[in-house]
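Okay, here's what each chain looks like letter by letter:
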Amino acid sequence: MSLTVVGSIAFDAVKTPFGERERMLGGSAVHFALSASFFTDVRVVGPVGDDFGEAEYEVLRGRGVNTDDIEHVEGGKTFFWKGEYEWNLNIRHTHDTQLNVFGEFEPKLSNASKAADLLFLANIQPDLQRQVREQCPNVRLAGLDSMNLWIETARESLVKTIGAVDLLFMNDDEVRMLTEQPTLLKAAQDIIAMGPRTVVVKQGEYGAALFDEEGFFALPAYPLEAVIDPTGAGDSFAGGFLGYLASLDEGEIDHGALRRAMTYGSVLASFNVEEFGVERVQRLTREEIEDRYADLRRMTAIEGVPAR
Ligand code: AMP
C-alpha cells in the first residue's frame, strides 16, 4: 500500500553532550519518510525555501522517496529548529523554532498523494495536518504525531485533528499534558474517546506502549551503548511502524501486525539515534534492520518464562 506524509521539512541546529551540528537536514516528515522508505513507496508533502538545494533532495530521492509534492517557495526560507539535549538525553530544550515557509503554507496535494492508502500527519501545525487529512478522504489508515508546542498554542485545533485519525503517536509527557491525566492508561482512554482506535505512547529510551481495544503492548527500546543524537527518534519510530504496515495487505493489519510494527518502529529509531540527524539512516540497509528486529524479538521474548 502507498504512504503519504506531511510534516516539517527542516534545517536543524542540534547540540548534544556528544557533539553538535549547526545546520543539518531534519524535520519530522524527512525522518519519517527515510525510515518508511525501507518498506514501501513514500510521498512527502510540504514546502521548502531557496536554501533547500539538490543535496537535500538527493538524500530523500537516494532512498526512493517521491518528492514531487515538495513545494519550492521562491524567496522563502526552509523551516528551522534549534534544540539542545541534557546529559540525560530524554530532556530536550528548544531554543528556536522558525516556521518560515510553513507560516503561509496551504497544502495542495497531487492526485497521487491524495490516493495514498496510508497517511501520516507528522508533527506540524495541526490546522495544516487537518487540511491534508481532509484532502485524503479515502485513506485506510491515518496516523498523527504532535508536540508540546501545539498542545500549548493550538490545543483546540489539535483535538479536532486527533478526532480525524485512527492512530496517535505522542510521547508520555505530551499525552499527560494533552489529557491532564496522571497515568498513561487513563490518558490513552481519553484519547481513544477523542477518535483514534489506537494510541502509541513513546517513552524515549524506555521504549513505547500501545493501547487499543484489545489491550496493551509494551516494548523496551533496543539497548544501545552509544546514543549520539535523539532528534527524529519519534519520527523514525513512526516511519518504521507505518512503513511496515503499508507493506502488508489491509486485511493483515491486526493486533499482531501492530506489535510487529512497534518492533520495526523501535529498530528504526535505534539506528536513527546512533549518529546526528539522518546520517546513520542514510546508509542503513534492510539486512541491518532485519538483524536488529530478530535481536529485539529475542530479547523481549518471555515464552520461556514460567507463568507462575
Ligand atoms: P522528534 O525528535 O522525533 O520529536 O522530531 C525532531 C524533528 O522535529 C526535528 O528534525 C525538527 O526539525 C522537527 N521539529 C521541531 N519542532 C517542530 C515543530 N514545532 N513543528 C514541526 N516540526 C518540528
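So, here is what we can say about the structure in this document.

Right, let's talk about helix α10 (residues 255–272) for a bit. Think of an α-helix as 3.6 residues a turn; residues three or four steps apart then line up on the same face. A rise of 1.5 Å per residue sets the reference length of α10, with its 18 residues, at 26 Å; its end C-alpha atoms lie 26 Å apart and thus fit the reference within 8%. Put simply, D254 is the residue that caps the front of α10, since its side-chain oxygen is 3.2 Å from the backbone nitrogen of G256.

So, on to the sheet that holds strand β11 (residues 198–202). Read across the sheet, nine strands follow the order β5-β4-β1-β8-β9-β10-β11-β12-β13 without closing on themselves; strand pairing throughout is mixed. Among the strands making up the open sheet, the edge pair consists of β5 (70–72) and β13 (215–219). Within this sheet the neighbouring strands show an average axis-to-axis angle of 15 degrees, counted without direction. Two strands pair when backbone bridges link them, and strand β4 (residues 42–48) and β5 are joined in this way by three bridges, in the parallel orientation. By the bridge assignment, G46 is partnered in β5 with I70.

A separate point is the nonpolar core. Residues F241, L242 and L245 are the most contacted members of the largest nonpolar core, which totals 59 residues. In terms of residue count, α10 provides more of this core than any other element does, nine residues in total. Not counting residues within four places of it along the chain, the set of residues in contact with F241 comprises L167, F169, V200, L210, L258, A261, M262 and G265. Core analysis: the second largest hydrophobic core is formed by 38 residues, A10, F105, I162 and I191 among them.

Bringing the pairing of strand β6 (residues 79–85) into the picture now. Counted residue by residue, β6 has five buried out of seven residues, so it is predominantly covered. Where strand β2 (residues 10–16) meets β6, six bridges bridge the pair, whose relative direction is parallel. Across the sheet, residue V14 finds its bridge partner in β6, namely G83. As paired elements, β6 and strand β7 (residues 92–98) share six bridges and run antiparallel to each other. What sits directly across from K82, in β7, is D96. Counting the residues that bridge the hairpin from β6 to β7 gives six residues.

About the thresholds
Residues numbered from 1 in each chain as written. Predicted model: local features only at pLDDT ≥ 70, side-chain atom pairs only at ≥ 80, totals over all residues. Heavy atoms only, no water. Helix = DSSP H or I, 4+ residues; strand = E, 2+ residues; numbered from the N terminus. Expected span 1.5 Å × (residues − 1). Polar contact = N/O pair within 3.5 Å; in protein donor to acceptor, adjacent residues only side chain to side chain. Pairing = 2+ DSSP bridges. Axes fitted to C-alpha atoms, helices over the stretch in contact; angles between N-to-C directions. Core = buried A, V, L, I, M, F, W, Y, C linked by side-chain atoms within 4.5 Å. Buried < 20%, exposed > 50% of the residue type's maximum accessible area, 1.4 Å probe, protein only. Contact = heavy atoms within 4.5 Å.

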